[in-house]
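Observations on chain architecture
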Amino acid sequence: MTRNDLILIAVLMILSLMPLVQSFDSGKKFAVVKVRGVIVREIDLTADETFTINAGGGENVIVIRGGAIGVAAADCPDKICVRRGLIGNVGEVIACVPHELLIEIASD
C-alpha cells in the first residue's frame, strides 16, 4: 500500500460519515409545500395540524404529527403520496404527480 492509497482510503472514510454528521444538524426543520413548483406554504413541524391543499384539479389532506408530515388522503388515482407515509428527515420528499404537489423537509 502506498501513501496515496492511504490518503484515498482516509478521504473515502470521511466522506462516508458525512450523512451521519448532517443528521445531527441542529437547525430548525420545516416542510416546504409546493404546487406546480411554487411554494404555497412553509410549515413548522412542531405543532400537530391537518389541512387540505387544492392542487392540480384535486385535493390532498396533509397531516402534521409528531414532527413529521404526510398525505393522509388524496383523490388521485394511484395514491402513492398517501402510501409514502410520514416523513421527518431533512431531504425527504413526498410527491403527488397528478396534482403537481411536492412536500419536502428542509432545515435552516
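Rules and cut-offs
- The written sequence of each chain sets the order in which its residues are numbered from 1.
- Side-chain atom pairs in this predicted model are given and counted only at pLDDT of 80 or more, local residue features only at pLDDT of at least 70, and totals for whole chains, interfaces and linings cover all residues.
- The basis for the side-chain values is all heavy atoms of the structure; hydrogens and waters are excluded.
- Segments assigned H or I by DSSP are reported as helices when at least four residues long, segments assigned E as strands when at least two residues long, and all are numbered from the N terminus.
- Here the radius of gyration uses the C-alpha set of atoms, whereas the globule reference equals 2.2 Å times the residue count to the power 0.38.
- Relative accessibility decides the category of a residue: with a 1.4 Å probe and only protein chains considered, values under 20% of the type maximum give buried, values over 50% give exposed, and everything between is partly exposed.
- Side-chain rings of Phe, Tyr and Trp, where Trp is taken by its six-membered ring, are said to pair if the distance between their centres is within 6.5 Å; with planes under 30 degrees apart they count as stacked, over 60 as edge-to-face, and otherwise as tilted.
- The criterion for a charge sitting over a ring is simple: Lys NZ or Arg CZ within 6 Å of the ring centre, and within 35 degrees of the ring normal.
- Definition used in this section: a nonpolar core is a set of buried Ala, Val, Leu, Ile, Met, Phe, Trp, Tyr and Cys residues joined via side-chain atoms within 4.5 Å.
- Contact between two residues is taken to exist if any of their heavy atoms lie within 4.5 Å; hydrogens are not considered.
- At least two bridges found by DSSP between two strands are what make those strands a pair.
- Note on method: axes are straight lines fitted to C-alpha atoms, helices fitted across the in-contact stretch only, with angles between N-to-C directions ranging 0 to 180 degrees.

**Things to note about the overall build of the chain**
Of regular secondary structure, the chain possesses three helices and seven strands. Going residue by residue from the N terminus, the α and β elements of the chain occur as α-α-β-β-β-β-β-α-β-β. Relative to the compact-globule value of 13 Å for 108 residues, the chain shows a C-alpha radius of gyration of 18 Å, a clear excess of over 25%. Each of the three principal axes of the chain carries a C-alpha extent, and together these read 60 × 30 × 25 Å. Within the span of the chain, comprising 108 residues, buried residues form 29% of the whole.

**Some remarks on the packing of aromatic side chains**
One pass over the full model with this rule turns up zero aromatic pairs. A cation over a ring is seen here: arginine 41 above phenylalanine 51, with NZ or CZ 4.1 Å from the ring centre.

**A few points about the nonpolar core**
Ranked by internal contacts, the top residues of the largest apolar core, which has 21 residues, are Ile53, Ile62, Ile69, Leu101 and Ile103. Where this core is concerned, the elements lending two or more residues are β1 (29-35), β3 (49-55), β4 (58-65), β5 (68-74), β6 (93-96) and β7 (101-107). Residue contacts for leucine 101: discarding those within four places in its chain leaves Val33, Lys34, Val35, Ile53, Asn60, Ile62, Ile94, Ala95 and Cys96.

**Section: the environment of glycine 57**
Its place among the elements puts glycine 57 in the loop between β3 and β4. Residue classification places glycine 57 among the exposed positions, given a relative accessible area of 84%. For the pair glycine 57 and isoleucine 69, spaced twelve residues apart in sequence, the C-alpha to C-alpha distance is 22 Å.

**Some thoughts on the sheet that holds strand β2 (residues 38-44)**
Reading across from one edge, β2-β1-β7-β6 is the order of the four strands in this open sheet, with antiparallel pairing throughout. Across the chains shown, the open sheet's two edge strands, defined by having one partner strand only, are β2 and β6. Geometrically, the sheet is characterised by an average inter-axis angle of 20 degrees between neighbouring strands, direction not taken into account. Judged from the six bridges that link them, β1 and β2 form a sheet pairing that is antiparallel. Counted as the bridge partner of lysine 34 is isoleucine 39 from β2.

**Observations regarding the sheet that holds β3**
Taken in spatial order, the three strands make up an open sheet running β3-β4-β5, and their pairing is antiparallel. Looking at strand neighbours, the two that pair on one side only are β3 and β5, the edges of this open sheet. The sheet shows a mean angle of 30 degrees between the axes of neighbouring strands, taken without regard to direction. The pairing of β4 with β5 spans six bridges and is classified as antiparallel. Residue pairing across strands places valine 63 opposite glycine 70, the latter belonging to β5.

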